[in-house]
Amino acid sequence: MLDQIRIDELRNAPVSPFQHIIDGEKRDSSDGDVLNVISPLNGEVLTTMARGTVEDANAGIAAARRAFDDGRWSDLAPSARKKILMKWAALIEEQALEIAVLGVRNNGTEINMAIKAEPMSAANTIRYYAEAIDKIYGEVASTDPSVLALVHREPVGVVGAIVPWNFPLMIGSWKFAPALAAGNTVVLKPAETASLTLVRLAELALEAGMPPGVFNVVTGKGSVVGEAIGLSMDVDVMVFTGSGFIGRKLLEYSARSNLKRCYLELGGKSPNIVFADVPDLDEAVKVSANGIFRNSGQVCIAGSRLLVERCIHDEFVEKLAAFVETLNPGDPLNIKSTAGAVNSMSQLQQNLGFVEEARDLGRGIRTGGTRILEETGGYFMAPTVITGVHPRDRLATDEVFGPVLAVIPFDTEEEAVEIANGTDFGLSSAVWTSNLSRAHRMIRAIQAGVVHVNTYGGADTTVPLGGVKQSGNGHDKSLHALDKYLELKTAWIKL
Ligand SMILES: NC(=O)C1=CN([C@@H]2O[C@H](COP(=O)(O)OP(=O)(O)OC[C@H]3O[C@@H](n4cnc5c(N)ncnc54)[C@H](OP(=O)(O)O)[C@@H]3O)[C@@H](O)[C@H]2O)C=CC1
Ligand SMILES: CCCCCC/C=C/C(=O)O
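Cut-off values and rules
Residues numbered from 1 in each chain as written. Chains lettered and ligands numbered in written order. Predicted model: local features only at pLDDT ≥ 70, side-chain atom pairs only at ≥ 80, totals over all residues. UniProt positions renumbered as here; feature names shortened; annotations may be inferred. Helix = DSSP H or I, 4+ residues; strand = E, 2+ residues; numbered from the N terminus. Rg over C-alpha atoms; globule rule 2.2 N^0.38 Å. Buried ≥ 20, exposed ≤ 12 C-beta atoms within 10 Å, placed from the backbone. Contact = placed C-beta atoms within 7 Å. Near = placed C-beta within 6 Å. Nonpolar A, V, L, I, M, F, W, Y, C, P; charged D, E, K, R; others polar. Domains from an automatic or database assignment. Axes fitted to C-alpha atoms, helices over the stretch in contact; angles between N-to-C directions. Left-handed = near helix turned anticlockwise from the far one by under 90°. Core = buried A, V, L, I, M, F, W, Y, C linked by C-beta atoms within 7 Å. Pairing = 2+ DSSP bridges. Parallel < 35°, antiparallel > 145°, perpendicular 65-115°, else oblique. Expected span 1.5 Å × (residues − 1). Arc of directions from axis to C-beta. Right-handed = clockwise from strand over helix to strand, strands pointing away.

- Looking at an unreviewed UniProt entry, one finds the chain named Aldehyde dehydrogenase PuuC and attributed to Aliiroseovarius pelagivivens.
- As stated in UniProt under Sequence similarities (unreviewed entry), the record for the chain gives "Belongs to the aldehyde dehydrogenase family."

Okay, here's the thing in structure tokens:
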């Protein structure tokens, strides 16, 4: 599917200014203000987008409220909603390359990953929930024969979605696809540094026949548009992926407004644990490296802590560093690049700050540790492996969200579990072992929403993704995600 010549044609195509999509229309901000969209590929202005005001956020919410309350979407038969969603998925797939290149110019993800993880994955997710929604049934409870007790599943109402910049379409679709399939309406605020493709998707939704007001996208600052959505009395469910700092604010907004449900996915510091009986050490090296360095480490489930049993530690690190040095981070629109740009200058500075702190503590910068390709003006960083990290170092406890891997040796299974569980996070993890009993013990012992065994990543739409501890609550993906967007209603009928 990836054609370098076509990508090169698209890479310099002019990008028209982006507006909000509210009530089925493209709209400027109420005060006409715009934000410059800076491309992380060269630090230059790519285009502008509407800088949403509180009025714009409220207009998006009001449109979603009207569209929900008058039943133009929720009262459609599930099969009718399904037809529109299927058409939407097809349109996204038809334009996948154009959308992917626009997204790469906006957020810096390498094109190989972007095409799969963004438009293709969004289309797949929309289709998954479209197909599911006419197969979900209510219940008839077991009661005394004088009563008929029914449990209905109803859409909750207006869903506010606030999504991040690392995979705007993939993560966005994990929220809006089940929400819309279930009959809710949506107002979505994309991240300031990755809004363009989500606006494009909203345009395609209208083209697919989605009624106006059902899916609204309001761009701008989180502190303005995001806060207005969080505080709205007309938003019934809030779904979010991003930092714990903003996740806490959303809980506060909910408490200060209408106690809206709030589902948070807040990232992690996921342990990737390699025992000496790893079935294939070379495979583990490669998969572990990809588990942290794809998308420049800007992945919530990134295996950012590598715990290696001491007796194979030196050999593993040697092979890992050698493999990492063969990676080819750089121009994300070159299909040969293995990683692209870091999303923003502030993320790059944050990443480099972690490296400096580790260096000051005397940890070993085994490879990487620097900004690269500075002459391009882009925000590129070498994949970085840091050894001798102490489990209490900030590098071992805090999310970097960049291409920085902390390596920690361990001696026993118990110690590995203690280190693995020794952070406030609990999103993902992996165990590499040939011992089936140990694999099952570790699955039980690790505090995380996902435990991989002898692999890292790759879990598809069929399984839930969610965190424990301060990695959040609720689950994206799978049929379980629908529960967030459905309300149970009991009908108790005396016969
Ligand atoms: N997938 C994941 O797990 C992600 C984790 N993170 C973590 O967060 C760190 C910081 O990244 P950052 O982009 O600043 O993440 P944030 O949590 O700040 O941003 C996530 C989303 O929240 C919005 N937002 C910001 N302020 C508010 C507010 N007051 N009310 C409502 N919404 C708001 C943002 O909008 P805007 O862009 O306009 O600020 C964005 O859409 C990363 O280094 C990483 O550790 C970040 C992104 C994704
Ligand atoms: C194809 C990349 C897999 C990403 C898995 C989930 C990432 C979630 C996130 O970053 O929030």
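Resuming the write-up.
1. Some remarks on the overall build of the chain
Part 1 of the argument: Assigned secondary structure in the chain consists of 15 helices and 21 strands.
Part 2 of the argument: Over its C-alpha atoms the chain spans a radius of gyration of 23 Å, differing by no more than 12% from the 23 Å that the globule rule assigns to 495 residues.
Part 3 of the argument: Taken along its principal axes, the extent of the C-alpha atoms in the chain is 70 × 65 × 45 Å.
Part 4 of the argument: In the chain, which comprises 495 residues, the proportion classed as buried is 53%.
Part 5 of the argument: A separation of at least 24 residues holds for 72% of the contacts in the chain among residues at least 6 apart in sequence.

2. Concerning the UniProt feature "domain: Aldehyde dehydrogenase" (unreviewed entry) in the chain
Part 1 of the argument: When the UniProt feature table is mapped onto this chain, "domain: Aldehyde dehydrogenase" (unreviewed entry) is found at residues 31–490.
Part 2 of the argument: End C-alpha atoms of residues 31–490 are separated by 46 Å, and the span's content is 40% helix alongside 18% strand.

3. Focus on the site of ligand 1
Part 1 of the argument: Neighbouring ligand 1 are 24 residues; Gly222, Gly226, Gly242, Ser243 and Cys300 lie closest to it.
Part 2 of the argument: For the shell around ligand 1, the secondary-structure elements that each account for two or more residues are helix H8 (222–231) and helix H9 (244–256).
Part 3 of the argument: Examining the composition of the shell around ligand 1, we find that five residues originate from one element, H8, more than from any other.
Part 4 of the argument: Across the shell around ligand 1, the residue classes tally to eight nonpolar, 10 polar and six charged.
Part 5 of the argument: Counting contributing residues per domain, the shell around ligand 1 is built from domain 1 (4–266 + 472–492) and domain 2 (271–460), each supplying no fewer than three.

4. Focus: the packing of helix H4 (residues 96–107) against helix H5 (residues 111–133)
Part 1 of the argument: In the contact formed by H4 and H5, the axes pass within 9 Å of each other and the chain directions differ by 115°. In this structure, H4 crosses over H5, and the sense of that crossing is right-handed. Note on element contacts: H5 touches H4 through Ile111, Ala114, Ile115, Glu118, Pro119 and Met120, opposite Ala96, Leu97, Ile99, Ala100, Val101, Gly103 and Val104.
Part 2 of the argument: Of the residues that constitute the contact of H4 with H5, the class distribution is 11 nonpolar, one polar and one charged.

5. Thoughts on the nonpolar core
Part 1 of the argument: Ranked by internal contacts, the top residues of the largest apolar core, which has 90 residues, are Trp88, Ile126, Leu180, Ala181 and Val186.
Part 2 of the argument: Setting aside its immediate chain neighbours within four residues, Ile126 contacts Leu85, Trp88, Ala89, Ser173 and Ala177.
Part 3 of the argument: Grouped together as the second largest cluster of nonpolar side chains are 54 residues, Leu306, Val324, Phe425 and Val451 included.

6. Observations concerning the site of ligand 2
Part 1 of the argument: In the vicinity of ligand 2, the contacting residues are Ala117, Asn166, Phe167, Ile171, Thr241, Val299, Cys300, Ile301 and Gly457.
Part 2 of the argument: Residue classes in the shell around ligand 2 are distributed as six nonpolar, three polar and no charged.
Part 3 of the argument: Two domains each provide a minimum of three residues to the shell around ligand 2, namely domain 1 (4–266 + 472–492) and domain 2 (271–460).

7. Thoughts on the pairing of strand E3 (residues 34–38)
Part 1 of the argument: Taken together, the five bridges between E3 and strand E4 (residues 45–50) define a ladder with antiparallel strand orientation. Opposite Val34, over in E4, you have Ala50 as the bridge partner.
Part 2 of the argument: Between E3 and E4, which pair antiparallel and follow one another directly, the connecting turn spans six residues, one of which, Gly43, has a positive phi of 75°.

8. What to know about the packing of H5 against helix H6 (residues 168–181)
Part 1 of the argument: Interaxial distance between H5 and H6 falls to 9 Å at its minimum, and their mutual angle equals 15°. Judged by the angle between their axes, H5 and H6 are roughly parallel. Two packed elements cross with a definite hand, and for H5 against H6 that hand is right-handed. Contacts between H5 and H6 pair Ala117, Glu118, Pro119, Ser121, Ala122, Thr125, Ile126, Tyr129, Ala130, Ala132 and Ile133 from the former with Leu169, Met170, Ser173, Trp174, Ala177, Pro178 and Ala181 from the latter.
Part 2 of the argument: Here the residues of the contact of H5 with H6 sort into 14 nonpolar, three polar and one charged.

9. Points about helix H12 (residues 345–360)
Part 1 of the argument: Taking 1.5 Å per residue as the helical rise, H12 with its 16 residues ought to reach 22 Å, and the 22 Å between its terminal C-alpha atoms agrees with that figure.
Part 2 of the argument: When H12 is considered as a whole, its buried residues turn out to be Gln347, Leu348, Asn351, Phe354, Val355 and Ala358. What you see down the axis of H12 is that its buried residues fit within an arc of 120°, all on one side. Exposed side chains of H12 directed beyond 90 degrees from the buried face belong to Met345, Ser346, Gln349, Glu356 and Asp360.

10. A word on the environment of Ser16
Part 1 of the argument: As for its placement among the helices and strands, Ser16 is situated in the loop between helix H1 (4–11) and strand E1 (20–22).
Part 2 of the argument: For Ser16, a count of 8 C-beta atoms within 10 Å corresponds to the exposed category.
Part 3 of the argument: Along the chain, Ser16 and Val324 lie 308 residues apart, while their C-alpha atoms are 38 Å from each other.

11. Examining the sheet that holds strand E6 (residues 147–155)
Part 1 of the argument: Spatial ordering of the open sheet is given by E5-E6-E21, a layout of three strands whose pairing is antiparallel. Single-partner strands in this sheet number two, and they are strand E5 (139–140) and strand E21 (486–494).
Part 2 of the argument: Bridge analysis of E6 against E21 gives nine bridges, and the strand direction is antiparallel. Each bridged residue has a counterpart across the sheet, and for Ala149 the counterpart in E21 is Trp492.

12. Points about the sheet that holds strand E17 (residues 384–387)
Part 1 of the argument: Pairing in this open sheet of seven strands is mixed, and the strands run E14-E17-E18-E13-E12-E19-E20 from one edge to the other. Unpaired on one side and paired on the other, strand E14 (364–367) and strand E20 (452–453) mark the two borders of the sheet.
Part 2 of the argument: Relative to strand E13 (residues 305–309), strand E12 (residues 271–274) runs parallel, the two sharing four bridges. From the neighbouring strand, Ile273 faces E13, where its bridge partner is Leu307.

13. Focus on the domain arrangement of the chain
Part 1 of the argument: Its domain assignment divides the chain into domain 1 (4–266 + 472–492) and domain 2 (271–460).
Part 2 of the argument: Of all elements in the fold, only H1, H4 and H5 reach the threshold of two or more residues within the side of domain 1 that touches domain 2.
Part 3 of the argument: Each residue belonging to the side of domain 1 that touches domain 2 can be placed in one class, and the counts come to eight nonpolar, 10 polar and four charged.

14. Comments concerning the pairing of strand E8 (residues 185–189)
Part 1 of the argument: Among the five residues that make up E8, five are buried, leaving the element largely enclosed by the rest of the structure.
Part 2 of the argument: Covered by surrounding structure in E8 are Thr185, Val187 and Lys189 together with Val186 and Leu188, the residues of both alternating faces.
Part 3 of the argument: Two strands pair when backbone bridges link them, and strand E7 (residues 158–162) and E8 are joined in this way by five bridges, in the parallel orientation. Across the sheet, the residue bridging to Ile162 is Lys189, located in E8.
Part 4 of the argument: In this fold, the crossover linking E7 to E8 by way of H6 has right-handed handedness.
Part 5 of the argument: Where E8 and strand E9 (residues 215–217) come together, three bridges link them in parallel fashion. Pairing of Val187 across the sheet is with Asn216, part of E9.
Part 6 of the argument: With respect to chirality, the unit in which E8 leads through helix H7 (residues 196–207) into the neighbouring parallel E9 is right-handed.

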